[in-house]
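Listed here are the chains, written in short residue letters.
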Amino acid sequence: MSRENLTRTQAEQRAEIVRGLHYDVHLDLTGDDQTFESETTIGFEVAQPGSTFVDLTATAVHAATLDGTPLGREAVGGTRLELPHLEPGDHELRVTASMAYQHVGKGLSHFRDPEDDRVYLHSQFQPFEAHLVYACFDQPDLKARFDISVEAPADWVVVSNMPPSQRPDDGGAGRWVFETTPLLPTYLTAVVAGGYVGTHDDHDGLPLSVYVRRSLAEHLDIDEILAVTKQGLDWFQDAFETPYPFVKYDQLFVPEFQAGAMENPGCITFSEAYVFRSKVTDAARERRAETILHEMAHMWFGDLVTMRWWDDLWLNESFADYMAFLAQSEATRWTDAFVTFLDKEKAWGKFQDQLPTTHPVALDMVDIESVHQNFDGITYAKGAAVLKQLVAWVGRDPFLEGCRRYFDTYAFGNADLAEFLGVLESTSGRELSGWADEWLRTTGINTLRLDVEVEDGTYRGAHVRQTADPGHPTLRRHRVAIGLYERKGGTLVRTGRIELDVTGESTEVLELTGRPVVDALVLNDDDLTYAKIELGEETLDLLATHLSDLQEPLPRALVWASAWDMVRDATMPVRRYVDMVSANVVAETEIGVVQRLLARAVGGTERYGDPDHRDTAIAALATRARRQLEHQEPGSDLQLAWARHWLSVARHGDELEDAVRFAGGGLSFEGLELDTDLRWWAVTAVAAHGAAADGLIAEAHEADPNDDLADRNRSSALTARPSADAKAAAWERLMNEDLSLTVSRHLWGPFHQFPHPELSAHYVDPYFEVLPGLFEDRELDWAIEFAEGMFPHPVASDSLLEQTDRFLDRDDLPGPLRRAVLDQRDTLRRTLAARACDRGAAG
């Protein structure tokens, strides 16, 4: 298939020729489920003579005229419309074409709800997909004003970036016309249309709306969504001293959205995963609030001021990530949001940064294909952690003042990293070009360790030691804090704090010298920098049973993060980590941390533990989980978290029998409702364990009130079953059906199960055989996710490692495929090393 691609060089050349853009886009959405009609008029100025092209991927181009002259058929390519030699001056291009609806999360996605047969459309244009809907110069630095209109059926609602200036009378079929946008890049234009229902409000005169498909409307907790929105708007406008730059704030939860959300100004789209049909823990609500605030931060950084090219994708996303957590911690009820930032976001960044395909935060994005490969933990999580370190390095007030100057200087224009750092240098007085070279243009993560000398109850000396992996040898400047903790009334509380710059291999901590020895020193207290923190054996021994004595959740999370790093690095056996979790998790106050600790205990045992010890370890976890489940407050978040954990580890004997009874409604716990999502969790779990699956799956499907979500969950449960027929059916669908990305995820997600490597072994050879063809025939994002999700990790062995190496030795593999498999190889390598470490701990 032809790939949608654009190189940076091509974009730079086109930007030298074209400027002064205005679009008139009309979409006719009244046709069939396969295609729609698109009419585009582009007014533009040519700054210097030359030929160029417009991006356009159409099923048919009906007419294309340049300044009134028809363009010949030779001008129409697979993804472009070539424009002949252009003289300086004003020009007008008119294009009428038929375009295809999409099902892989780009362009204009089409979804028909099996619940009520209503149609729902949403656009997704980042980074390079607007030309799947209308002809355009599809790059971020060619901003334009847009006049968008839509022809739609009578029962549809249509939403775009701007309010409608005209809509059909009395809900009849007809044209929606929207006000002219301010200057926007193509990737931020948006159209959402269909049978959506909306709730409307305002905040200080700003119209607010929230939309969802009709069959999920009863589950939308609108009050909390609007409360977070209003809190965020107040916080950002105050912090940036810049009013919200657009005229409305619509948020739409759309079916089959490929990611979490998208920051289209005035028309923000979200995954329906944030519409909670059943009880969820507060960790899910916290995550939704963070996503709302992430997209809101983009209204200024990304939408008001836009990157020139995708080299600064990281800055766009990292800024929004960091600012969202900051706003959440200061403006909402989730005041400990930075615990989640450390425990979840930074864990993702560290994971990605230790893969062989790690890359600099500020990456050289040579083309759009590179962008698709780098919506990853470096771009988002590591970048956000580096920005948090930058704030510590320059100071919070100078950082925010720099943001204000940046927005004021480049409003509705484009800027790059150098210009952002330039304003921060002027507000902080810190030299940042060298800092940027260290942090943004290198790879890898440093390890920091605090060494102290003690004599007569005082610190005689202390040094922070910094090391780097030999493959990524950069030693960086770090702004860090050291917390001094002492035991008071049975708890460890911070009684002192030292903040300093760490440089090179060793930095002396002068402020510790002569101080009385305290019960615990926490390096990188407040989590200011991005680094691994090495815990000494003495500290580990102390905290293994007394971690819960630390009063504040952030230092506890720092220790948990360090311990998990050691498991993945094969320097701590996973059974020791699981014992540490078992001894301390019951005192953990943060529900998100509890859930991640329980998940890591199970996942670590399965992936990193000695397989010969797995059944024993899982059985012990099941016993503890059942005990904790029965002792939790009825109806509490902790009860739900422990219930899900119990179901995931109740695999044998009486525990499995009880899990089956619970999934079927024959066993209950006070306050724990077997609602739709918990039923599916239970049914899928026991299905994966091979217990009474088919009847329970059918009952759960019948009980699910939403046909679409019921079908997806049934696919997951059927695929999870430990049978050759179940795996064959899922493989057949993935290979031969035209599935949406959303449905495909429900197949490859549960396909491989660590307790059943013998089933995964049948798909080792087929996996490697089909990959090259999939990367040639399928959409790139789909192929990448398949390569990642279907790698046969349960068959972890030296022979699988050798087979993977033979595959990677091929010289005909496309870059994205090589990268995806190389990352899976590294996870396999770590798995084998960690299992050896755990096996050695058995004595």
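Residues numbered from 1 in each chain as written. Predicted model: local features only at pLDDT ≥ 70, side-chain atom pairs only at ≥ 80, totals over all residues. Heavy atoms only, no water.

Enquirer: How should I be thinking about the pairing of strand β13 (residues 174-178) in this particular structure?
Expert: Regular strands place their side chains on alternate faces of the sheet. Alignment of strand β10 (residues 144-152) against β13, held across four bridges, turns out to be antiparallel. Of the residues in β13, the one forming a bridge with Val-150 is Trp-176. Bridge count between strand β12 (residues 164-166) and β13: two bridges; the pairing is antiparallel. Residue pairing across strands places Pro-164 opposite Phe-178, the latter belonging to β13. (Pairing = 2+ DSSP bridges. Helix = DSSP H or I, 4+ residues; strand = E, 2+ residues; numbered from the N terminus.)

Enquirer: What am I meant to see in the environment of Asp-765 here?
Expert: In this structure, Asp-765 sits in helix α24 (residues 764-777). For the pair Asp-765 and Arg-733, spaced 32 residues apart in sequence, the C-alpha to C-alpha distance is 18 Å. A polar side-chain atom of Asp-765 sits 2.7 Å from a polar atom in the side chain of Gln-803. (Polar contact = N/O pair within 3.5 Å; in protein donor to acceptor, adjacent residues only side chain to side chain.)

Enquirer: I keep staring at the packing of aromatic side chains and nothing clicks. Help me out?
Expert: Aromatic ring pairs: the centre-centre distance and the angle between the two ring planes describe each pair. This model, assessed by the stated rule, comprises 54 aromatic pairs. Relative to Tyr-134, the ring of Tyr-23 has its centre 6.0 Å away and its plane inclined at 70°; by these criteria the two rings are edge-to-face. In this pair, Tyr-23 is assigned in strand β1 (residues 18-28) and Tyr-134 in the loop between β9 (119-124) and β10, connecting sequence segments 111 residues apart. Taken as a pair, Tyr-23 and Tyr-134 share a single burial class, namely buried. Taking the ring centre of Trp-439 as reference, the NZ or CZ of Arg-476 above it sits at 5.4 Å. Taking the ring centre of Trp-782 as reference, the NZ or CZ of Arg-778 above it sits at 4.3 Å. (Phe/Tyr/Trp six-rings, centres within 6.5 Å; stacked < 30°, edge-to-face > 60°. Buried < 20%, exposed > 50% of the residue type's maximum accessible area, 1.4 Å probe, protein only. Lys NZ or Arg CZ within 6 Å of the ring centre and 35° of its normal.)

Enquirer: What should I look at first to understand unusual backbone geometry in this one?
Expert: Excluding glycine, residues mostly have negative phi values, and the peptide bonds linking residues are mostly trans. Pro-127 follows Gln-126 through a cis peptide bond whose omega is 0°. Tracing the backbone shows Pro-127 in the loop between β9 and β10. A positive phi angle, near 60°, is found at Phe-412, a position not held by glycine. A positive phi angle, close to 55°, is found at Asp-456, a residue other than glycine. Among the structural elements, Asp-456 can be located in the loop between β22 (447-455) and β23 (458-467).

Enquirer: How do you make sense of helix α15 (residues 611-631) when you look at a structure like this?
Expert: Residues separated by three or four positions in an α-helix point in the same direction, a consequence of the helix having 3.6 residues per turn. Compared with an ideal rise of 1.5 Å per residue, which puts 21 residues at 30 Å, α15 spans 31 Å between its outermost C-alpha atoms and is within 8% of the ideal. Of the residues making up α15, those classed as buried are Arg-614, Ala-617, Ile-618, Leu-621, Ala-622, Ala-625, Arg-626, Gln-628 and Leu-629. Packed against the buried residues of α15 are α13 (574-584), α14 (591-608), α16 (637-649), α17 (653-663) and α27 (815-840). (Expected span 1.5 Å × (residues − 1). Contact = heavy atoms within 4.5 Å.)

Enquirer: What should I look at first to understand the pairing of strand β2 (residues 35-46) in this one?
Expert: Both β1 and β2 contribute to a ladder of nine bridges, which runs antiparallel. In the sheet register, Val-25 faces β2, and the bridge partner there is Thr-40. Adjacent in sequence and paired antiparallel, β1 and β2 are bridged by six residues.

Enquirer: I keep staring at the pattern of salt bridges and nothing clicks. Help me out?
Expert: Pairing between side chains becomes possible if they bear opposite charge and their charged atoms approach one another. Tallied over the full model, the rule gives 73 salt bridges. Notably, a salt bridge pairs Arg-277 with Asp-704, separated by 2.6 Å at the nearest N-O pair. Taken together, the residues span a long stretch of sequence, with Arg-277 in the loop between β19 (268-271) and α3 (282-298) and Asp-704 in the loop between α19 (693-703) and α20 (707-720) at a distance of 427 residues. Asp-704 sits in the buried class, given a relative accessible area of 4%. With a shortest N-O distance of 2.8 Å, Arg-287 and Glu-290 are connected by a salt bridge. Pair noted here: Arg-287 and Glu-290 are both in helix α3, with a separation of three residues, about one helical turn. On the basis of relative accessible area, Arg-287 is assigned to the partly exposed category, the value being 29%. Judged by relative accessible area, Glu-290 falls into the buried class, the value being 2%. Linked through salt bridges whose partners overlap, the residues forming this network are Arg-430, Arg-479, Arg-494, Arg-497, Glu-499, Asp-501, Asp-525 and Asp-526. (Salt bridge = Lys/Arg side-chain N within 4 Å of Asp/Glu carboxyl O.)

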